[in-house]
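Secondary and tertiary structure notes
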Amino acid sequence: SHIMSEYVRMTDTERDQIDQDAQIFMRTCADAIHQLRTEAHKDVQSAQVKEHRTAVLDFVEDYLKRVCKLYSEQRAIRVKRVIDKKRL
């Protein structure tokens, strides 16, 4: 109930700004992961360290993909609600 009342108070402009900021943040994270992946194997002699870094970066990248998917699903719900309101 409390969450829903906060949702109602938020303006479309605020929601659009949050969407824009979220997309920028997700893109920045993806770029940072890519850069880390590029630099992860520089000056590393041990195959075990390389394997560990690759596994960690794979995990972080997978987590970001799941967050992005959840965000996209939530945004689709919002867009659907707006369309439904306009139809009424």
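Before reading further, recall that the structure is shown in the block above.
What counts as what
Residues numbered from 1 in each chain as written. Predicted model: local features only at pLDDT ≥ 70, side-chain atom pairs only at ≥ 80, totals over all residues. Heavy atoms only, no water. Salt bridge = Lys/Arg side-chain N within 4 Å of Asp/Glu carboxyl O. Helix = DSSP H or I, 4+ residues; strand = E, 2+ residues; numbered from the N terminus. Buried < 20%, exposed > 50% of the residue type's maximum accessible area, 1.4 Å probe, protein only. Axes fitted to C-alpha atoms, helices over the stretch in contact; angles between N-to-C directions. Parallel < 35°, antiparallel > 145°, perpendicular 65-115°, else oblique. Left-handed = near helix turned anticlockwise from the far one by under 90°. Contact = heavy atoms within 4.5 Å. Nonpolar A, V, L, I, M, F, W, Y, C, P; charged D, E, K, R; others polar. Expected span 1.5 Å × (residues − 1). Polar contact = N/O pair within 3.5 Å; in protein donor to acceptor, adjacent residues only side chain to side chain.

1. Concerning the pattern of salt bridges
Applying the stated criterion to the full structure yields eight salt bridges. Note that Arg75 and Asp19 form a salt bridge whose closest N and O atoms lie 3.4 Å from each other. Of this pair, Arg75 sits in helix α3 (residues 47-87) while Asp19 is found in helix α2 (residues 12-39), placing the two residues 56 residues apart along the sequence. Between Asp58 and Arg37 there is a salt bridge whose closest N-O contact spans 3.0 Å.

2. Comments concerning unusual backbone geometry
Trans is the prevailing form of peptide bonds, just as negative phi is the prevailing case for residues other than glycine. At Asp43, a residue that is not glycine, the phi angle is positive and equals roughly 55°. Checked against the element boundaries, Asp43 lands in the loop between α2 and α3. Exposure remark for Asp43: the relative accessible area of 80% places this residue in the exposed category.

3. Description of the packing of α2 against α3
Where α2 meets α3, the axes come as close as 11 Å, and the angle between the chain directions of the two elements is 165°. With respect to each other, α2 and α3 are oriented roughly antiparallel. Here α2 and α3 pass one another in a crossing that is left-handed. For the pair α2 and α3, contact is made by Asp12, Arg15, Asp16, Asp19, Ala22, Gln23, Met26, Cys29, Ala30, Ile33, Leu36 and Arg37 and by Thr54, Leu57, Asp58, Val60, Glu61, Leu64, Cys68, Tyr71, Arg75 and Arg78, respectively. Of the residues that constitute the contact of α2 with α3, the class distribution is eleven nonpolar, two polar and nine charged.

4. Details of the environment of Ala40
Among the secondary structure elements, Ala40 is positioned in the loop between α2 and α3. Judged by its relative accessible area of 8%, Ala40 is buried. Taking the C-alpha atoms as reference, Ala40 lies 7.7 Å from Thr54; in sequence the two are 14 residues apart. When residues no more than four places from it in sequence are discounted, the contact partners of Ala40 are Arg53 and Leu57.

5. Points about α2
The terminal C-alpha atoms of α2 lie 40 Å apart, and with 28 residues this matches the ideal 40 Å at 1.5 Å per residue to within 8%. The set of residues buried in α2 consists of Arg15, Asp19, Met26 and Ile33.

6. Remarks on α3
Look at α3: 59 Å from first C-alpha to last across 41 residues, which is about the 60 Å you get at 1.5 Å a residue. Buried within α3 are the following residues: Leu57, Leu64, Tyr71 and Arg78. Among the structural elements, α2 are those in contact with the buried residues of α3. At the N-terminal end of α3, a side-chain oxygen is found 3.2 Å from the backbone nitrogen of Gln48, two or three residues along, and the residue is Ser46.

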